[in-house]
Amino acid sequence: MKNTTITPALVFLIADVAVGVAFLLLPPLVMGFLLLLKDVFGVLVLPFTFLFGLAGWSSDMSSLDSVMGGLTPNVLRHPFRAISAAVMLAVGGLCSVLACGSPLAAQVERRLAPLFTLGAVLLGGPELGLIMLPAFLIQLGALRRPEMDFFSREK
């Protein structure tokens, strides 16, 4: 039996997985860009900093430092954990989509999807857990109702 309808639960699950992956991958990307920007501006401003220092003025790049200081301090410490969690989320979402395509046949994917999501939450931390809680609940609900049509009255 093939499921040809796209249910709202599946759309919400895919959107939630996409938000979770963005939540994991955007902060290291932004921090890396800001570090690169700081290094480039540091080199470009170096001659003027030297001249202003000779004149008795002190200048530093405190505005860029304050922007970078406001972000999470451990964003760049664990890029492998963030990438691993993002891959696990993507694989869990893919398992859910594949399991929804053939509700009666895809038992392994249906059981693996919540496990991948749970593993990603363990790697990503409690913030990711709050973001991924609806997707995890939908994946658990799909174990009981494989067609993911939770709001229909037919059984």
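Bear in mind the structure is a predicted one, so any value in this text is a computation, not a measurement. (Residues numbered from 1 in each chain as written. Predicted model: local features only at pLDDT ≥ 70, side-chain atom pairs only at ≥ 80, totals over all residues. Heavy atoms only, no water.)

Peer 1: What should I look at first to understand the nonpolar core in this one?
Peer 2: Generally speaking, a soluble globular protein has its nonpolar side chains buried in company with each other. If you look at the biggest cluster of nonpolar residues, it comprises 17 residues, and the most contacted ones within it are Leu24, Leu89, Met132 and Met148. Contributions of two or more residues to this core are made by helix H1 (8-55), helix H3 (79-101), helix H4 (107-124) and helix H5 (126-144). Not counting the four nearest positions on each side in its chain, Met148 is found in contact with Thr7, Ala9, Leu10, Cys100, Ile138 and Ala142. (Core = buried A, V, L, I, M, F, W, Y, C linked by side-chain atoms within 4.5 Å. Buried < 20%, exposed > 50% of the residue type's maximum accessible area, 1.4 Å probe, protein only. Helix = DSSP H or I, 4+ residues; strand = E, 2+ residues; numbered from the N terminus. Contact = heavy atoms within 4.5 Å.)

Peer 1: Looking at this structure, I do not really get the packing of H4 against H5. What am I missing?
Peer 2: For any two helices packed against each other, one specifies the inter-axial angle together with the distance between the axes. Here H4 crosses H5 at 170 degrees, and the two axes come no closer than 9 Å. With respect to H5, the axis of H4 lies roughly antiparallel. Where H4 approaches H5, its residues Arg110, Arg111, Ala113, Pro114, Thr117, Leu118, Ala120, Val121 and Gly124 are matched on the opposing element by Glu127, Leu128, Gly129, Met132, Phe136, Gln139, Leu140, Ala142 and Leu143. Of the residues contributing to the contact of H4 with H5, the split by class is 11 nonpolar, 4 polar and 3 charged. (Axes fitted to C-alpha atoms, helices over the stretch in contact; angles between N-to-C directions. Parallel < 35°, antiparallel > 145°, perpendicular 65-115°, else oblique. Nonpolar A, V, L, I, M, F, W, Y, C, P; charged D, E, K, R; others polar.)

Peer 1: Help me out: how do you make sense of the side chain of Arg110 in this one?
Peer 2: Here Arg110 shows up in helix H4. In this structure, Arg110 is buried with no salt-bridge partner, the nearest side chain bearing the opposite charge being Glu109 at 7.1 Å. Among the polar contacts listed, one links the side chain of Arg110 to the backbone oxygen of Ala99, at a separation of 3.4 Å. (Lys, Arg positive; Asp, Glu negative; His and termini not counted. Salt bridge = Lys/Arg side-chain N within 4 Å of Asp/Glu carboxyl O. Polar contact = N/O pair within 3.5 Å; in protein donor to acceptor, adjacent residues only side chain to side chain.)

Peer 1: Teacher, can you tell me more about the side chain of Asp16 here?
Peer 2: You can see Asp16 is positioned in helix H1. Buried and unpaired, Asp16 has no salt bridge, with Arg110 as the nearest side chain of opposite charge at 17 Å. With residues up to four places along the chain from it excluded, the contact list for Asp16 reads Ile131, Met132, Pro134 and Ala135.

Peer 1: Help me out: how do you make sense of the environment of Ser102 in this one?
Peer 2: Tracing the chain through its elements places Ser102 in the loop between H3 and H4. Between the C-alpha atom of Ser102 and that of Pro146, which follows or precedes it by 44 residues, the distance is 8.5 Å.

Peer 1: Explain the packing of H3 against H5 here, please?
Peer 2: Between H3 and H5, the shortest axis-to-axis distance is 11 Å and the interhelical angle comes to 20 degrees. Classified by the angle between their axes, H3 and H5 sit roughly parallel to one another. Taken as a pair, H3 and H5 cross one another with a handedness that is left-handed. Together, Leu89, Gly92, Gly93 and Ser96 of H3 and Leu128, Met132 and Gln139 of H5 make up the contact between the two elements. Split by residue class, the contact of H3 with H5 holds 3 nonpolar, 4 polar and no charged. (Left-handed = near helix turned anticlockwise from the far one by under 90°.)

Peer 1: Just checking my understanding: could you explain H4 for this structure?
Peer 2: For an α-helix, 3.6 residues make a turn, and residues three or four places apart therefore share a direction. Between the first and last C-alpha of H4 there are 26 Å, a value that for 18 residues agrees with the 26 Å anticipated at 1.5 Å per step. Here H4 has its buried residues at Arg110, Ala113, Pro114, Thr117, Gly119, Ala120 and Val121. In this fold, the buried residues of H4 make contact with H3 and H5. Looking at the residues trailing H4, positive phi occurs at Gly125, about 105 degrees. (Expected span 1.5 Å × (residues − 1).)

Peer 1: I tried to follow H3 on my own but got confused; where do I start?
Peer 2: End to end, H3 covers 33 Å across 23 residues, agreeing with the expected 33 Å (1.5 Å per residue, within 8%). Three or more residues of H3 are buried, namely Ala82, Ser84, Ala85, Ala86, Leu89, Gly92, Gly93, Cys95, Ser96, Ala99 and Cys100.

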